[in-house]
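In case you want the letters, here they are:
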Amino acid sequence: MSGDLPRLWRVPLLILGMISLFGGMAAGLLRLGWNFPLPATASILDHGPLMIGAFFGTVISLERAVALGTRWAYGAPLLASLGGLALLAGFSSPTGPALLFAGSLVMVAGSLQVYRRQRALHTLTLALAAAIWATGNALWLAGFAIPAVAPLWMAFLILTIAGERLELSRFLPPSALASRIFAGIVALLLIGTVSGLSGVPGTGLLFPATLLALAAWLLKQDIARRTVHQQGLTRFIAVCLLSGYVWLGIGALILLSAGGTVPSSTAYGAGLHAILLGFVFAMVFGHAPIIFPAILGVRLPYHSLFYLPLAVLHLSLALRVAGTLLGAAPMRSAGGALNAAALALFVLGVVVS
């Protein structure tokens, strides 16, 4: 089916993705001990799939479909968002995982189409990100536990962000050596996500070690190091990016100290959320003024108040990580509640703008 989808028809897909976001937030707060409303049919165990697959899967594949401009590509965000609704409705197995897996397969097809149109390192990275998401979903559908496939889902988000940042680096292109180092990091990251599934002691260390190398590469190569000295929206985006790279490095170091991706470790949760909240959502905050106009065709005026949810996010995450590492449950719970407040402030700010 050729031809792009009218902009007005993209709105319901975005709304469905936001429902999964708030459902995932509610499940996360319940896991932290807060009495937060969640559909009785939903499970707090679906916190990760709702946030990563149903929300980010919907938004990222929607952005990819807009870039492709073909209607069939919108099957990815539709299936991913329906997968989130299925999880919230209590259809956790196999309906929810199956819908998310189907959506990721459509996204792989769309990403390969993008790569065929423009054969470059950044489009290849985006295609690999979609493929690792589909792999994680396939394993989850096959019966693997969520903690076992979580690194694959994380790699989906991390590689998507890295690929998009590499694309935008055309304004300050990395050297041939830097590009080869980036390619090597991507390869090692993929190996690390898969090798960690073996359960062999020590194999889980490659994943966080590669994340640390990626954080250093992004801090060194990203144009944000220069644009942070400018003003307005340009500076805000740079602050989001640079602070996110710092959290990626912190999360990688925590996971390394925990022995890798070992869910039984106390530090595992701290490292996981340092990356998924501090890194990923800082990227979301920074890219929202670009992504939303591209998807919906509406202007998102910049305001200095955009810094408020970013500051709340970083401060609350520091509180949460410290509480987790110190075994201080009240600190951890308070930090988690403020994490949710930061995301709610961000959504409110976007809507008001």
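Thresholds applied
Residues numbered from 1 in each chain as written. Predicted model: local features only at pLDDT ≥ 70, side-chain atom pairs only at ≥ 80, totals over all residues. Heavy atoms only, no water. Helix = DSSP H or I, 4+ residues; strand = E, 2+ residues; numbered from the N terminus. Polar contact = N/O pair within 3.5 Å; in protein donor to acceptor, adjacent residues only side chain to side chain. 1 Å grid on protein atoms, 1.4 Å probe; cavity = no way out; pocket = protein on both sides within 12 Å on 5 of 7 lines; lining within 4 Å. Points joined across faces, edges and corners; volume = space filled by probe spheres on them. Nonpolar A, V, L, I, M, F, W, Y, C, P; charged D, E, K, R; others polar. Salt bridge = Lys/Arg side-chain N within 4 Å of Asp/Glu carboxyl O. Buried < 20%, exposed > 50% of the residue type's maximum accessible area, 1.4 Å probe, protein only. Phe/Tyr/Trp six-rings, centres within 6.5 Å; stacked < 30°, edge-to-face > 60°. Core = buried A, V, L, I, M, F, W, Y, C linked by side-chain atoms within 4.5 Å. Contact = heavy atoms within 4.5 Å. Axes fitted to C-alpha atoms, helices over the stretch in contact; angles between N-to-C directions. Parallel < 35°, antiparallel > 145°, perpendicular 65-115°, else oblique. Left-handed = near helix turned anticlockwise from the far one by under 90°.

Re the side chain of His 47
Among the secondary structure elements, His 47 is positioned in helix 2 (residues 47-68). Among the polar contacts listed, one links the side chain of His 47 to the backbone nitrogen of Gly 28, at a separation of 3.4 Å.

Brief notes about the layout of surface pockets
Taken as a whole, the largest pocket encloses approximately 830 Å³ of empty space. Around the largest pocket, the lining comprises 34 residues; the ones closest to its centre are Arg 31, His 47, Gly 48, Leu 272 and His 273. Of all the elements in the fold, those that place two or more residues in the lining of the largest pocket are helix 1 (7-31), helix 2, helix 6 (146-168), helix 11 (266-296), helix 12 (307-326) and helix 13 (329-352). Of the residues forming the lining of the largest pocket, the biggest block, 9 residues, is contributed by helix 11. Partitioning the lining of the largest pocket into residue classes produces 21 nonpolar, 10 polar and 3 charged.

Digging into the pattern of salt bridges
Tallied over the full model, the rule gives 1 salt bridge. Measuring nitrogen to oxygen at the nearest pair gives 2.8 Å for the salt bridge that ties Asp 222 to Arg 165. Highlighted residues: Asp 222 in the loop between helix 8 (206-221) and helix 9 (224-227) and Arg 165 in helix 6, separated in sequence by 57 residues. Residue Asp 222 shares its accessibility class with Arg 165, and that shared class is buried.

Side note on the packing of aromatic side chains
Per the counting criterion, the structure on display carries 9 aromatic pairs. Between Tyr 245 and Phe 279, the ring centres sit 6.3 Å apart and the planes meet at 40°, which makes this aromatic pair tilted. Taken as a pair, Tyr 245 in helix 10 (residues 232-257) and Phe 279 in helix 11 lie far apart in primary sequence, 34 residues in all. Assessed through its relative accessible area of 0%, Tyr 245 is described here as buried. Given a relative accessible area of 0%, Phe 279 falls into the buried group. Arranged with centres 4.3 Å apart and planes meeting at 20°, the rings of Phe 285 and Phe 346 form a pair that is stacked. A residue pair is termed long-range when its members are at least 10 positions apart, and Phe 285 in helix 11 and Phe 346 in helix 13 qualify at 61 residues. Each member of the aromatic cluster is reached from another via a ring pair, and the members are Phe 55, Phe 56 and Phe 281.

Remarks on the nonpolar core
The biggest cluster of nonpolar side chains holds 112 residues, and the ones touching the most others in it are Phe 156, Phe 279, Phe 281 and Phe 285. Sorting elements by how many residues they give to this core places helix 11 first, with 20 residues. Excluding residues that lie within four positions of it along the chain, Phe 279 makes contacts with Ile 158, Ile 161, Gly 244, Tyr 245, Trp 247, Leu 248 and Ala 274.

A short note on the packing of helix 2 against helix 11
Contact geometry for helix 2 and helix 11: axes closest at 12 Å, N-to-C directions at 30°. Regarding the angle of helix 2 to helix 11, the classification is roughly parallel. For the pair helix 2 and helix 11, the crossing hand works out as left-handed. Two secondary-structure elements touch here, helix 2 through His 47, Met 51, Ile 52, Phe 55, Phe 56, Val 59, Leu 62, Glu 63 and Val 66 and helix 11 through His 273, Leu 276, Val 280, Phe 281, Val 284, Ile 291, Ala 294 and Ile 295. Split by residue class, the contact of helix 2 with helix 11 holds 14 nonpolar, 2 polar and 1 charged.

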